[in-house]
Structure formats: structure tokens, C-alpha cells
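# Topology and contacts: notes
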Amino acid sequence: MTSQIFADGALEGQVIAVTGGGTGLGRAAAAELLACGASVVICGRREEVLAEAADELGPRCSWVAGDVREAADAERIVDACLERHGRLDTLVNNAGGQYFVPAEAIALKGWRAVTRLNVGGTLTMATAAYDRAMRPAGGGMVINVTLSPHHGLAGMTHSSAARAAVEGATRELAAAWAPDGVAVCAAAAGHFDTPALDKYPESVRTAAARTVPLGRLGRVEEHAWLIALLASPLGRRLSGSVVTLDGARDNWFGPWPPAGMADESGEVPTEERRRG
Ligand SMILES: CCCCCCCCC/C=C/C(=O)SCCNC(=O)CCNC(=O)[C@H](O)C(C)(C)COP(=O)(O)OP(=O)(O)OC[C@H]1O[C@@H](n2cnc3c(N)ncnc32)[C@H](O)[C@@H]1OP(=O)(O)O
Ligand SMILES: NC(=O)C1=CN([C@@H]2O[C@H](COP(=O)(O)OP(=O)(O)OC[C@H]3O[C@@H](n4cnc5c(N)ncnc54)[C@H](OP(=O)(O)O)[C@@H]3O)[C@@H](O)[C@H]2O)C=CC1
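Looking at an unreviewed UniProt entry, one finds the chain named Peroxisomal trans-2-enoyl-CoA reductase and attributed to Capillimicrobium parvum. UniProt lists a comment for the chain under the heading Subunit (unreviewed entry), and it reads "Interacts with PEX5, probably required to target it into peroxisomes." The Pathway (unreviewed entry) comment attached to the chain in UniProt states, word for word, "Lipid metabolism."

Next up, the structure:
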């Protein structure tokens, strides 16, 4: 596969780890990075998902299973990159998520779960990559996937807060790690059409597109292009920045709920609990 917008070999020689790279945005990013010539290690918790994705993505893609919330797993993921390729140039901190409920329905345990994954997991991976691979090598790039709108997303208050924390840490780490040649930036994703959205109620998914001034959900390849751009030499100079890719969603201040999201009772449907 070749990239639709970048030159062949634009990222040749780079070794890139993508967390959550077996599905959705992470998988599309992995595909684009591979198309640009990088070697990619995808990770996540489910071995079968990773194995199938790596198989389809081709020989320059390998996988390692692990939970980004666990320091030992994060270290193992970084070490796998070093053992296989001798280096880790770029880490894409894409693993994350939340559930869709009103703010008042978020239990303390839920706040902690969302924070632990999105803030804890991101920082645990970034620290492992910095300590074990990038600082010793004298350089590297960390790309943190966050969330737009930045003024808060109703139904995702916990995630809005967690991603804001990641963006704050992005700016601080960019300054702290600059002397070691390590750049840190964030890619704030708006509403993208990925299979993960299937877990949200139908009316929520449909109404989500209506809150995007550009008039549609984002396409996974658009996000993947941004990740490839940030992995390029330009990304190093963007250190400390949050790049927003959202079709102007950050500038939509319409009513809540948006037209068509509430059900017959006038309530916004919430996300089903996972079973098992
Ligand atoms: C216009 C706008 C358009 C909005 C729609 C468009 C939005 C697009 C923008 C964003 C899109 C995306 O990010 S899409 C990506 C989506 N992908 C994901 O979310 C995948 C990753 N997510 C997860 O793993 C989970 O959601 C997460 C909770 C974060 C982590 O799971 P854990 O295993 O750590 O936690 P669990 O054990 O399941 O749950 C811990 C507690 O959390 C709470 N909890 C968990 N699920 C709950 C639920 N459905 N409802 C209530 N509460 C819940 C309970 O208190 C649980 O405790 P108990 O009560 O004791 O069980
Ligand atoms: N789709 C959208 O509109 C938007 C998405 N985002 C963010 O982009 C990222 C990708 O989203 P998307 O592709 O849509 O959703 P997915 O649910 O497909 O992606 C989440 C990925 O993260 C992995 N993951 C989750 N928890 C962990 C963990 N503890 N350790 C390691 N891996 C983990 C999952 O794999 P596994 O379960 O096997 O571990 C999965 O591959 C997420 O951070 C999401 O919140 C942000 C804004 C908008």
C-alpha cells in the first residue's frame, strides 16, 4: 500500500509503536505509518485482535500484548521494540476511551477508571519510552491522542477532564524532555467514524455528526495522515503543541442535546454496560 498524500519512504528507517494499534484509529495510523516506510509495533490487551491486524498490515508490522496502565507491561512493550529493531523513534499513545453517560451518573470508580486509562496509561507509556529508548538514544517523539471539543463534551465529562490533563502534561513534558531531544505533542481528535462508536446509542452517533460544522464524522485516514505528519521531522518542531483535527467541532456551541439525540422521553440515551 502507498500513502495517498506522503512520498514513498517518508518515514523509512523509523520504528514506531502504536498503542491500541489493532483497531480503529490506531490501526489506520499503523497502516499509514507502514505505507510511509516505518516499521510499526502495535499493542493492546487482546492477542487475537493484534495478531489478525498485524497479519493484514504486513511484514513490517509486529505486535506485543500488554496493558498500558501497568508499568511492567509498558516497559515490556518498549523492550520488545528495542529487541526487534534496536530503537524506538516514535510512540503513538492512542489507547484510551470512556463510556457515555451524564456527568452526574459518573461514579467515583468510573472517574478513576477513565483517568487511570487515559492519563495513567498515557504517562506510563511515555515514561517507559523516554527512560528506556528515547533518552538513551538522544531523541524521540511522543504523540498523545486526545479529544476535541476542548471546552468539554457532554456525556464524556470524565474523558474531557482526563484528556485536558494529558494536554497539560504534553506541554510540560515537551519542555522537560527537550534537552534530551525528545518532542511531545498531542493530536486532539474530534468525532471519527470508527467501529468503537457502535457502542454508543444510535441516536447519539447520528447526532454527533450534526455537531461537526464540516457536516460529517472524520474519516480514519484523515487522522492517520496527521499522525504520519507528526511522526515526520516537522513533528519535532511542533513539540508542545496540541493539533486539533475535528472539522471545526471545537467551534460548535449549539444546544445540548443536539437535534435528534434525545429519545421519546426527552432523555439522551446512555451507553449500555459491558457484560462479562
Ligand atoms: C455530540 C456528542 C457525541 C458523543 C459521541 C461521539 C463521541 C466521539 C468521541 C470519542 C470517541 C471515542 O473515544 S471512541 C473510543 C471508545 N473506546 C473505548 O472506550 C475503549 C476503552 N474503554 C474502556 O476500556 C472502558 O470504557 C473504561 C471504563 C475506560 C475502562 O474500563 P475498566 O475495565 O477499567 O473499567 P470497568 O471495570 O468496565 O468499569 C469501572 C467503573 O466505571 C463505571 N462504568 C464503566 N462503564 C460504565 C457505563 N457504561 N455506565 C456507567 N458506568 C460505567 C462504573 O463505575 C464501573 O464500576 P462498577 O460499577 O463497579 O462496574
Ligand atoms: N473515534 C473517535 O471519534 C475518537 C476517538 N478518540 C480516541 O482515539 C483512540 C482510539 O479510538 P478508536 O479507535 O475510536 O477506539 P477503539 O476502542 O477501537 O480503540 C481503543 C484501543 O485501545 C486499546 N486499549 C484500551 N485499553 C487499553 C489498555 N488498558 N492497554 C492497552 N490497550 C488498550 C484497545 O485494545 P484492547 O481492548 O485489545 O486493549 C483498542 O485497540 C482512543 O483513545 C479514543 O478515546 C478520541 C476522540 C474521538
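Resuming the write-up.
## Thoughts on the overall build of the chain
Across its full length, the chain carries eight helices and seven strands. Its C-alpha atoms give the chain a radius of gyration of 18 Å, near enough to 19 Å, the size a compact globule of 276 residues would have. Principal axes of the C-alpha set define a box for the chain whose edges measure 60 × 40 × 35 Å. The buried share among the 276 residues of the chain stands at 46%.

## What about the site of ligand 2?
Neighbouring ligand 2 are 28 residues; Gly 20, Gly 24, Arg 45, Gly 96 and Ala 196 lie closest to it. The set of elements that each furnish at least two residues to the shell around ligand 2 consists of α1 (24-35), α4 (108-137) and β5 (140-147). Take the shell around ligand 2: its biggest share by element is three residues, from α1. Residue composition of the shell around ligand 2, grouped by class: eleven nonpolar, 13 polar and four charged.

## Here we look at the site of ligand 1
In the vicinity of ligand 1 there are 24 residues, among which Gly 97, Tyr 99, Gly 110, Ala 113 and Ala 208 approach most closely. Taken together, the elements giving at least two residues each to the shell around ligand 1 come down to α4 and α6 (202-210). Counting residues per element, the shell around ligand 1 draws most heavily on α4, at five residues. Along the lines of polarity and charge, the residues of the shell around ligand 1 split into 14 nonpolar, six polar and four charged.

## A word on the packing of helix α3 (residues 71-85) against α4
The geometry of a pair of packed helices is captured by two quantities: the angle between their axes and the separation between those axes. Following both chains from N to C, one finds α3 and α4 inclined at 45°, their axes separated by 9 Å at the closest point. Put simply, α3 runs oblique to α4. Every pair of crossing elements has a handedness; the one defined by α3 and α4 is right-handed. Contacts between α3 and α4 pair Ala 71, Ala 74, Glu 75, Val 78, Asp 79, Cys 81 and Leu 82 from the former with Thr 124, Met 125, Ala 128, Ala 129, Arg 132 and Ala 133 from the latter.

## What about the sheet that holds β5?
Strand order in the open sheet formed by seven strands is β3-β2-β1-β4-β5-β6-β7, and the pairing between neighbours is parallel. Looking at strand neighbours, the two that pair on one side only are β3 (61-65) and β7 (242-245), the edges of this open sheet. On average, each strand axis in the sheet is tilted by 20° relative to the strand beside it, whichever way the strands run. Across four bridges, the pairing between strand β6 (residues 182-189) and β7 is parallel. Note on β7: the bridge partner recorded for Ala 189 is Leu 245. The strands touched by helix α2 (residues 47-57) are β2 (39-44) and β3; relative to β3, the strand with the most contacts, the crossing angle is about 175°.

## Observations concerning the nonpolar core
One finds Ala 17, Ala 30, Leu 33, Val 40, Ile 42, Ala 129 and Ile 227 to be the most contacted residues of the largest nonpolar core, which totals 80 residues. Once residues within four sequence positions are removed from consideration, Ile 42 is found in contact with Val 18, Gly 21, Gly 22, Gly 26, Ala 30, Leu 50, Ala 53, Ala 54, Cys 61 and Trp 63.

## What to know about α3
For α3, which comprises 15 residues, the first-to-last C-alpha distance of 21 Å matches the rise-based estimate of 21 Å (1.5 Å per residue) to within 8%. Listed as buried for α3 are Asp 73, Ala 74, Ile 77, Val 78, Cys 81 and His 85. For α3, the angular spread of buried residues about the axis comes to 140°, placing them on one side. Across from the buried face of α3, at angles greater than 90 degrees, the exposed residues are Ala 72 and Glu 83. Buried residues along α3 sit in contact with β1 (15-19), β2, β3 and α4.

Cut-offs and rules
Residues numbered from 1 in each chain as written. Chains lettered and ligands numbered in written order. Predicted model: local features only at pLDDT ≥ 70, side-chain atom pairs only at ≥ 80, totals over all residues. UniProt positions renumbered as here; feature names shortened; annotations may be inferred. Helix = DSSP H or I, 4+ residues; strand = E, 2+ residues; numbered from the N terminus. Rg over C-alpha atoms; globule rule 2.2 N^0.38 Å. Buried ≥ 20, exposed ≤ 12 C-beta atoms within 10 Å, placed from the backbone. Near = placed C-beta within 6 Å. Nonpolar A, V, L, I, M, F, W, Y, C, P; charged D, E, K, R; others polar. Axes fitted to C-alpha atoms, helices over the stretch in contact; angles between N-to-C directions. Parallel < 35°, antiparallel > 145°, perpendicular 65-115°, else oblique. Left-handed = near helix turned anticlockwise from the far one by under 90°. Contact = placed C-beta atoms within 7 Å. Pairing = 2+ DSSP bridges. Core = buried A, V, L, I, M, F, W, Y, C linked by C-beta atoms within 7 Å. Expected span 1.5 Å × (residues − 1). Arc of directions from axis to C-beta.

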